[in-house]
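So you can see what is in the structure, the chains are spelled out below.
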Amino acid sequence: MKNKLFYLLLSVSVIIFGCKKIDFDEASKGEALGTFSLTAPQNNAMLVLNSATPNAQVQITWSAAKPGVSIAPTYTFIAALKTGSLSQPLLEIPSDDNGKSAKLTVTQKQLDDLLKAKGIADGVKSDLIWNVRADNGTKKEMASVSYNISITRFGDGISNFLLYGPVSSANNIEINPNSTTDLLTFKWQKAFPGKSTSPVTYKIKFVAEGGSFDAPIFEAASNNSGSDSTFTISYQAMDQMLSAKGFTDQSTAAKLQWTVEAKSGTYTKTSDYVNNLSIVREVKLFMVGGATPIGWNPPQAIQMIPDKNLPGTFYSYVYLTQDGMKFLSENTDWSTPSQKIYGKGSADGILLQSGGSGNIDIPVAGYYRVSADLKNNKYYIQQGRMAAVGAATAAGWNPGSVFPGQGLTLVGTNKFMGFVTLTAGQEWKFIDGAAWGDGTANGSKDFGKVKGKTDGSITQGDADNMTVPGATGLYRVIWDGTNIKNLKYQITTGTLYLIGAATAGGWDNNNAALPAMTYQGNGVWRVTANLTAGEFKFLLQKGTWDYSYGTGTTAGVVVDGGGNLSVATSGNYTITLNEFTKAYSVVKN
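If you're wondering where the values come from, they're calculated on a predicted model, not measured in any experiment.

**Q** Describe the packing of aromatic side chains, and please don't skip the residues or the numbers.
**A** Taken as a whole and assessed by the stated rule, the structure comprises 28 aromatic pairs. With a centroid separation of 6.2 Å and an interplanar angle of 40°, the aromatic rings of Phe186 and Phe231 are classed as tilted. Taken together, the positions of Phe186 in strand 12 (residues 183-188) and Phe231 in strand 15 (residues 230-234) put the pair 45 residues apart, joining distant regions of the chain. Using a relative accessible area of 0% as the deciding quantity, one classes Phe186 as buried. Considering the side-chain rings of Phe430 and Tyr489, the 6.3 Å spacing of their centres and the 65° angle between planes classify their relative orientation as edge-to-face. Of this pair, Phe430 sits in strand 32 (residues 427-431) while Tyr489 sits in strand 37 (residues 488-493), placing them 59 residues apart in sequence. Grouped by ring-pair contacts, the aromatic residues Phe186, Phe206, Phe218, Phe231 and Trp258 constitute a single cluster. Directly above the ring of Phe403 sits Arg385, whose terminal nitrogen or CZ lies 4.2 Å from the centroid.

**Q** Tell me what's going on with the confidence of the model for the chain, and back it up with residues and numbers.
**A** The pLDDT averaged across the chain works out to 91; a share of 94% of its residues lies at or above 70. Long-range and interchain partners of residues 1-30, a stretch whose pLDDT sits below 50, account for 2 contacts in this model, where long-range means more than four residues apart.

**Q** Run through the pairing of strand 46 (residues 583-588), naming residues and quoting values.
**A** One ladder, built from 6 bridges, connects strand 45 (residues 571-578) with strand 46; its direction is antiparallel. Each bridged residue has a counterpart across the sheet, and for Thr576 the counterpart in strand 46 is Ser585. The antiparallel hairpin formed by strand 45 and strand 46 contains 4 residues in its connecting segment, where Lys582 sits at a positive phi of about 70°.

**Q** Residue-level account of the side chain of Gln257, with values.
**A** Summarising the element assignment, Gln257 is placed in strand 16 (residues 254-264). Here the side chain of Gln257 touches Asn276 through a polar contact of 3.1 Å, side chain to side chain. In this structure Gln257 touches Lys205, Phe206, Val207, Ala208, Glu209, Gly210, Gly211, Phe213, Val274, Asn275 and Asn276, once residues within four positions along its chain are discounted.

**Q** Which residues make up empty space enclosed by the protein, and what values do they have?
**A** Under the criterion given, the structure shown has 1 cavity of 30 Å³ or more. Taken as a whole, the largest cavity encloses approximately 70 Å³ of empty space. Forming the boundary of the largest cavity are Pro41, Leu47, Val58, Ile60, Phe77, Ile93, Leu104, Val106, Leu111, Trp130, Ile149 and Ile151. Mapped by element, the contributors of at least two residues to the lining of the largest cavity are strand 3 (57-62), strand 6 (103-107) and strand 9 (147-152). Classifying every residue of the lining of the largest cavity by side-chain character gives 12 nonpolar, no polar and no charged.

**Q** Outline unusual backbone geometry, supporting the account with residue identities and numerical values.
**A** With an omega of 5°, the peptide bond running from Gly165 to Pro166 counts as cis. Looking at the element boundaries, Pro166 is found in the loop between strand 10 (163-165) and strand 11 (172-175). The omega torsion across Phe403 and Pro404 is 0°, close enough to zero to call that bond cis. Mapped onto the secondary structure, Pro404 falls in the loop between strand 29 (387-389) and strand 30 (409-412). Located in the positive-phi region is Asn44, a residue other than glycine, with phi close to 70°. Structurally, the position occupied by Asn44 is in the loop between strand 1 (38-40) and strand 2 (45-48).

Calculation notes
- Residues numbered from 1 in each chain as written.
- Predicted model: local features only at pLDDT ≥ 70, side-chain atom pairs only at ≥ 80, totals over all residues.
- Heavy atoms only, no water.
- Phe/Tyr/Trp six-rings, centres within 6.5 Å; stacked < 30°, edge-to-face > 60°.
- Helix = DSSP H or I, 4+ residues; strand = E, 2+ residues; numbered from the N terminus.
- Buried < 20%, exposed > 50% of the residue type's maximum accessible area, 1.4 Å probe, protein only.
- Lys NZ or Arg CZ within 6 Å of the ring centre and 35° of its normal.
- pLDDT = per-residue confidence, 0-100.
- Contact = heavy atoms within 4.5 Å.
- Pairing = 2+ DSSP bridges.
- Polar contact = N/O pair within 3.5 Å; in protein donor to acceptor, adjacent residues only side chain to side chain.
- 1 Å grid on protein atoms, 1.4 Å probe; cavity = no way out; pocket = protein on both sides within 12 Å on 5 of 7 lines; lining within 4 Å.
- Points joined across faces, edges and corners; volume = space filled by probe spheres on them.
- Nonpolar A, V, L, I, M, F, W, Y, C, P; charged D, E, K, R; others polar.

Below you can see the structure in the form of structure tokens.
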């Protein structure tokens, strides 16, 4: 019994002592540093200090050394001559944040002053080795691999500078490759030298997009023997440079990049940016000849429309008489050195430049679409016409049924006008043939609204349909290519009114009493109305002054927006206007 009691008391004692808390000091009494590595500047870097930008920063970085237990290290940048040793450094600089940061930031002047203090002369290159020393008070550690760097002290220098223009863009700049008087001008910010005794000179460099400026396709000194911060080059010289460097297709955009290299003494610096430049050599083509409205007069030659879908092809809608014609590259005299003359080659339809070429003969007077394909040396003389096509028209989207009912009339070179009945809420386009185009130079062309524009601009092929602006009825539609770079269309109600003090409606352009003219067909309008002595003109659409006809410089002919006409005495008159020819008559009954 006593033994059992003893063992029981012993067991309780063990349990009690086993539950008692015992505190241990878990803090380590030693420190260590993890390894780290240098990151920038990269090994074998070359740093030329620029005396013109003394406040420019130099950054030296490395990965952080992991502290062994709790004490973060401080860092010191150290550098020695390549012939020396890092155990006896030439430079020792604490890192940023009083040595706590894994980065050192110094200005070029600070670095230059440190080297100068070590007896290194101006403009001299020092070949160094560098590393970083990490120190946590107990242990010092350097990066496992030291880097080489060469630093050149302040000598000559150049300030930073920017490119001004042409601004960097993917949009095409169009140039006439034959022009010696039109110039491309490149501009940039003027740079300043680090030493006043070493003036800055410039060189512009061009490369194909994505190329290396170490091997430019073209480079040249800036204006005034390299001293100006501009460079000018004629369109013709630019074209010749591009052709010589493989950009032989003038109608295809030459995509380039350009920059400027500045030099002061022995110091060279490029601009802060590189600009993109896309150049299309705008090949122009003109019509001239006895068959044309301007005769054999090159300075008045008719400029042709460039085919959007076929670079190198041009076309015009024009009335030609029975005579000959040729094509010119410029509307300048025949003897202009850069003038290219194209005529008929060995057979009809073959285009030949200059020597041996003959006139292109027009056998019958009429309205024509004249096309010239310079890439394939072909020309085409076709019927010149234009019509409305689409769901808004009677023929629907069937080009084969648009002529003559939906056809327009050529009222001037590259300008058509017509009157077509259109259905409200429906869409339509222009087309110049009885079939949809096949993508060839002599195939049909269709025209619609330029996508995203509401100013009446139209373009070939990939375009939006036009909509009918009002109720179902007769509309006046105009296709206008007189500005060859900005084709336009116009649609107004098929109406025409007399307006003015001589009429019952006065000058109120919304008055119900304005005498309405009746369309007779073929562009002819007529009205018989009582007029009082006074002035009047023709108003195309009520509620607006945007469209009107009035007197011009030729008697019996009106012009867009012209002056007021007049009747001397009151009475009953018959007024007739041919909108296609703009001829009018006022006859007292």
